[in-house]
Amino acid sequence: MSTGTAKPFASTADTQPKQATLSEVADGVWAYTAEGDPNVGAVVGPDSVVAVDARSTPTHAQEWLDDLRTVTDKPISHLVLTHYHAVRVLGAAAFGDATVVAHAGTARLIEERGQADFDSEAGRFPRLFRDLGSVPGLTHPDLVFADELTLLLGRPGPARREVVLRWLGRGHTEGDVVVSVPGEGVLFAGDLVEAGAAPYMGDSYVGEWGGATLDRLVALGADALVPGRGPAVQGTEVADAVGYTRTFLRTMHEETLRVVRREGTLKEAFDRCHERLAPDYAGSAIFEHCMPFNVQRTWDEVSGVRPRVWTAARDQEVWRALQG
Ligand SMILES: [Zn+2]
């Protein structure tokens, strides 16, 4: 029974609105960051705009579009989904007939578990799903790719702009896309990299993410990066944000593997991971929210289990076992 120390479920006690800020991170490349809430962005081409992620509901998306409209009135031709999570994709209806682009793995995940994820995320973080009724249904991509896709904005010539979408391997999910603009040195990292927020690992491939996938991201050599959550970073801060994310993943993996090998319990793994990470990460956005789901997923991975579907019921069960 409750000892009086049980923590409120996930982010249900986080009700204070965050301030979103539109900033130009390179010429015509905009980041819309929100004090630890999920970030989105846009690349303005000669005739049209590519948006990166939609936000959680059409109502939340419209706020972002209204701010974007203060800097460009060009139509949005493409909406790129960095991955399948509800908080990033369910606002798509606000983007009208823009072509929705994603990795093939994201399309598969939406088919398989999009509705369960919608229910789960809305329960975990109600503030981010205000006006849930404005969501007309799941967001399904119109166009998917495997490794790389370049969107060519405008006619051939000096004004043309390329937007390059890449899949760098499995990571935060099996279908994460990073977005860059050649010549600008800017990378939208989706949730593969966080800055001042805990990585969410519930659908992740922990070892690959913290290994080859982040290695490939680093090899792109970005000198400015828009993380999934937290402020846009530049210069040496880019490596700091990648390191901050990677250390979190590796610590989780190391501690959990140790407990599994000695045939300990999930709760012991949670306690060990929490103890190791809290000194550096407890002040990060969504740290307590993420930890039970992160430990459960890491436990499954080191036990050879593919990411399982999170449902509202399973969320509660894992929370009670580890944070209750
Ligand atoms: Zn995510």
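Our structure is the block above this text.
Here's what I pulled together on the structure shown here. As the structure is a prediction and not an experimental result, all values here were calculated from the model.

Calculation rules
Residues numbered from 1 in each chain as written. Predicted model: local features only at pLDDT ≥ 70, side-chain atom pairs only at ≥ 80, totals over all residues. Heavy atoms only, no water. Helix = DSSP H or I, 4+ residues; strand = E, 2+ residues; numbered from the N terminus. Rg over C-alpha atoms; globule rule 2.2 N^0.38 Å. Contact = heavy atoms within 4.5 Å. Areas by Shrake-Rupley, 256 points an atom, 1.4 Å probe, with all protein chains shown as cover. Lys, Arg positive; Asp, Glu negative; His and termini not counted. Charge placed at Lys NZ, Arg CZ, Asp CG, Glu CD. Donors = N, O, S within 2.8 Å, 3.2 Å for Na, K, Ca; no water. Tetrahedral: all angles 85-135°; square planar, octahedral: opposite > 155°, others 65-115°. Buried < 20%, exposed > 50% of the residue type's maximum accessible area, 1.4 Å probe, protein only. Expected span 1.5 Å × (residues − 1). Pairing = 2+ DSSP bridges. Axes fitted to C-alpha atoms, helices over the stretch in contact; angles between N-to-C directions.

## Observations concerning the overall build of the protein chain
Here is step 1 of the chain: Of regular secondary structure, the protein chain possesses eight helices and 13 strands.
Here is step 2 of the chain: The C-alpha atoms of the protein chain give 19 Å as radius of gyration, which agrees with the globular expectation for 324 residues (20 Å, within 12%).
Here is step 3 of the chain: Its C-alpha atoms put the protein chain at 65 × 40 × 30 Å along the principal axes.
Here is step 4 of the chain: Taking as baseline every contact in the protein chain between residues at least 6 positions apart, the subset at least 24 positions apart corresponds to 68%.
Here is step 5 of the chain: Accessible surface computed for the protein chain: about 13,100 Å², of which carbon and sulfur atoms make up 51%.
Here is step 6 of the chain: Counting 31 positive and 45 negative side-chain charges, the protein chain places the averaged centre of each group 4 Å from the other.

## Quick word on the coordination of the zinc ion
The expected angle between donors at a tetrahedral four-coordinate metal is 109.5 degrees. At an octahedral six-coordinate metal it is 90 or 180 degrees.
Here is step 1 of the chain: At the metal site, the zinc ion is ligated by H83 (NE2), H85 (ND1), H172 (NE2) and D191 (OD), and these contacts range over 2.1 to 2.3 Å.
Here is step 2 of the chain: Taken together, the four donor atoms coordinating the zinc ion span angles of 88 to 173° at the metal, a pattern that classifies the geometry as irregular.
Here is step 3 of the chain: All donors to the zinc ion come from one chain, and their sequence spacing reads H-x1-H-x86-H-x18-D. Here H83 is found in the loop between β5 (76-80) and α2 (86-89), whereas its partner D191 is found in the loop between β11 (186-188) and α4 (206-219), with 108 residues between them in sequence. For the pair H83 and D191, a shared accessibility class is recorded, and that class is buried.

## Considerations on helix α5 (residues 236-261)
Here is step 1 of the chain: The terminal C-alpha atoms of α5 lie 37 Å apart, and with 26 residues this matches the ideal 38 Å at 1.5 Å per residue to within 8%.
Here is step 2 of the chain: Within two residues after α5, E263 carries a phi angle of roughly 60°, on the positive side.

## Here's the deal with the sheet that holds strand β6 (residues 99-103)
Here is step 1 of the chain: The strand order β1-β2-β3-β4-β5-β6-β7 describes an open sheet built from seven strands, whose pairing is mixed. In this open sheet, the two edge strands, each paired with only one partner strand, are β1 (21-26) and β7 (143-145). In this sheet, neighbouring strand axes are inclined to one another by 25° on average, regardless of whether the strands run parallel or antiparallel.
Here is step 2 of the chain: The pairing of β1 with strand β2 (residues 29-34) spans five bridges and is classified as antiparallel.

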